Amino acid sequence: MDSLISTSIRTLNCRSARNDLTCQQLAHDLVNYKLKILAIQETHILSEDILDIRTEDNKHSFNLFNSGNENSNYTGAGFLVGKTDANFTPSYIRDRYAW
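What counts, and at which threshold
- Residues numbered from 1 in each chain as written.
- Predicted model: local features only at pLDDT ≥ 70, side-chain atom pairs only at ≥ 80, totals over all residues.
- Heavy atoms only, no water.
- Helix = DSSP H or I, 4+ residues; strand = E, 2+ residues; numbered from the N terminus.
- Buried < 20%, exposed > 50% of the residue type's maximum accessible area, 1.4 Å probe, protein only.
- Contact = heavy atoms within 4.5 Å.
- Areas by Shrake-Rupley, 256 points an atom, 1.4 Å probe, with all protein chains shown as cover.
- Polar contact = N/O pair within 3.5 Å; in protein donor to acceptor, adjacent residues only side chain to side chain.
- Disulfide = S-S within 2.5 Å.
- Expected span 1.5 Å × (residues − 1).
- Core = buried A, V, L, I, M, F, W, Y, C linked by side-chain atoms within 4.5 Å.
- Pairing = 2+ DSSP bridges.
- Axes fitted to C-alpha atoms, helices over the stretch in contact; angles between N-to-C directions.

Colleague: Quick question: what am I supposed to make of the overall build of the protein chain here?
Modeller: Counting its regular elements, the protein chain contains one helix and seven strands. For the protein chain, the sequential pattern of α-helices and β-strands runs β-α-β-β-β-β-β-β. Counting across all 99 residues of the protein chain, residues that qualify as buried make up 36%. Within the protein chain, contacts between residues separated by at least 24 positions form 53% of all contacts whose residues are at least 6 apart in sequence. Element-wise, carbon and sulfur atoms account for 46% of the exposed surface of the protein chain, whose accessible area totals about 6,700 Å².

Colleague: Got a minute to help me understand the environment of Ser 61 in this structure?
Modeller: Here Ser 61 shows up in strand S4 (residues 61-67). If we ignore the near neighbours within four places in the chain, the residues touching Ser 61 are Asp 52, Ile 53, Arg 54, Gly 82 and Lys 83. A distance of 3.0 Å separates a polar atom in the side chain of Ser 61 from a polar atom in the side chain of Asp 52. A distance of 3.4 Å separates a polar atom in the side chain of Ser 61 from a polar atom in the side chain of Lys 83.

Colleague: Would you explain the state of the cysteines in this entry?
Modeller: In protein chemistry, a disulfide is the covalent bond that joins the sulfur atoms of two cysteines. Overall, the coordinates contain zero disulfides when judged by the stated rule. Cysteine Cys 14 shares no disulfide, and the gap to the nearest cysteine sulfur, in Cys 23, comes to 7.8 Å. Judged by its relative accessible area of 15%, Cys 14 is buried.

Colleague: How should I be thinking about helix H1 (residues 20-32) in this particular structure?
Modeller: Along an α-helix, residues three or four positions apart point the same way, because every turn accommodates 3.6 residues. The end-to-end C-alpha distance of H1, which contains 13 residues, comes to 18 Å, matching closely the 18 Å that a straight helix rising 1.5 Å per residue would cover. One side-chain oxygen at the N-terminal end of H1 lies 3.1 Å from the backbone nitrogen of Leu 21; it belongs to Asn 19. Positive phi shows up at Lys 34, right after H1, with a value of about 55°.

Colleague: Explain the nonpolar core here, please?
Modeller: Soluble, globular proteins show a tendency: their nonpolar side chains are buried together. Grouped together as the largest cluster of nonpolar side chains are 14 residues, with contacts concentrated most on Leu 26, Leu 38, Ile 40 and Leu 80. When residues of this core are traced back to their parent elements, those giving at least two are H1, strand S2 (37-41) and S4. Top contributing element to this core by residue count: H1, with four residues. Counting five residues, the second largest nonpolar core, distinct from the first, contains Ile 37, Phe 65, Phe 79 and Val 81.

Colleague: Hey, could you run me through the sheet that holds strand S5 (residues 77-82) in this one?
Modeller: Adjacent strands of a sheet pair through backbone hydrogen bonds, lying either parallel or antiparallel. Here we have five strands laid out as an open sheet, ordered S1-S2-S5-S4-S3, and mixed in their pairing. The open sheet terminates on both sides in strands that have one partner only, identified here as strand S1 (9-13) and strand S3 (49-54). Between one strand axis and the next, the sheet turns through 25° on average, direction left out of account. Where S1 and S2 come together, five bridges link them in parallel fashion. When the sheet's bridge partners are listed, Ile 9 is paired in S2 with Ile 37.

See the structure below:
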């Protein structure tokens, strides 16, 4: 092996990402811990969507790929990824699982 590619991936049960403050904190964590991908459980976001998430100072912008269920407030899984990492495209199977 001549070189290794290093990607920082972490997981977090955020227990709801439906408010701006929580989303800003998640974005701050990606920057602070130098993560490429943050896998999130229990987003409680009702839709399957790609959301724009920014740090409080608007210096950093991320995509939240969310898989939710409009019939349940207690589901949702997703990935928070930097917008420059355009090659990341998750596929969903259910509101409680994402990959």
